[in-house]
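Notes for the structure review
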Amino acid sequence: GMNERTPILIGAGQVTQRDVAPEQVQEPVALMRAAVRAAAADARLTDAALARVDVVAVVNLLSWTYANAPRRLAGMLEAQPRDEVYT
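Residues numbered from 1 in each chain as written. Predicted model: local features only at pLDDT ≥ 70, side-chain atom pairs only at ≥ 80, totals over all residues. Heavy atoms only, no water.

A look at the overall build of the protein chain
A count of helices and strands for the protein chain gives three helices and two strands. Across the protein chain, helices and strands are ordered from the amino to the carboxyl terminus as α-α-β-α-β. Counting only C-alpha atoms and orienting by the principal axes, one finds that the protein chain spans roughly 45 × 30 × 25 Å. Within the protein chain, the fraction of its 87 residues that count as buried is 28%. Taking as baseline every contact in the protein chain between residues at least 6 positions apart, the subset at least 24 positions apart corresponds to 69%. Surface accessibility of the protein chain: about 6600 Å² in total, with carbon and sulfur atoms responsible for 50%. With 9 positive and 10 negative side-chain charges, the protein chain shows a separation of 2 Å between the mean positions of the two kinds. (Helix = DSSP H or I, 4+ residues; strand = E, 2+ residues; numbered from the N terminus. Buried < 20%, exposed > 50% of the residue type's maximum accessible area, 1.4 Å probe, protein only. Contact = heavy atoms within 4.5 Å. Areas by Shrake-Rupley, 256 points an atom, 1.4 Å probe, with all protein chains shown as cover. Lys, Arg positive; Asp, Glu negative; His and termini not counted. Charge placed at Lys NZ, Arg CZ, Asp CG, Glu CD.)

Shown next as structure tokens:
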């Protein structure tokens, strides 16, 4: 059965950046923000709801160096999560 640790997906979003002029290339965390906003729209969540997220988790990026990608993403979402995870 389900317990308090069972994840439930309520929205999905995807962003692909292809054939973009060099001056239009977005950093990975900006693309993540766009994907998060797409997922929030899919789930009919507001920006205010996104600002109340408890956890921001980011898989380690090999193509871009961040000291703390989850914190940067949280800042872009105007969120102050309880936990930040960067694998």
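Focus: the pairing of strand E1 (residues 55–58)
Side-chain alternation along E1 places Val-56 and Val-58 on a buried face and Val-55 and Ala-57 on a face that remains uncovered. By the bridge criterion, four bridges tie E1 to strand E2 (residues 83–86) in an arrangement that is parallel. The partner of Val-58 across the bridge, within E2, is Tyr-86. Handedness of the E1-helix H3 (residues 69–76)-E2 crossover: right-handed. (Pairing = 2+ DSSP bridges. Right-handed = clockwise from strand over helix to strand, strands pointing away.)

Digging into the packing of aromatic side chains
By the definition in use, this model includes one aromatic pair. Residues Trp-64 and Tyr-66 carry aromatic rings whose centres are separated by 6.3 Å and whose planes lie at 25 degrees to one another, so their mutual orientation is stacked. Trp-64 sits in the partly exposed class, given a relative accessible area of 38%. (Phe/Tyr/Trp six-rings, centres within 6.5 Å; stacked < 30°, edge-to-face > 60°.)

Some remarks on unusual backbone geometry
Phi at Arg-44 takes a positive value of approximately 60 degrees, unusual for a residue other than glycine. Summarising the element assignment, Arg-44 is placed in the loop between helix H1 (28–42) and helix H2 (47–50). The backbone of Glu-78 shows a phi angle near 55 degrees, a positive value even though the residue is not glycine. Along the chain, Glu-78 turns up in the loop between H3 and E2.

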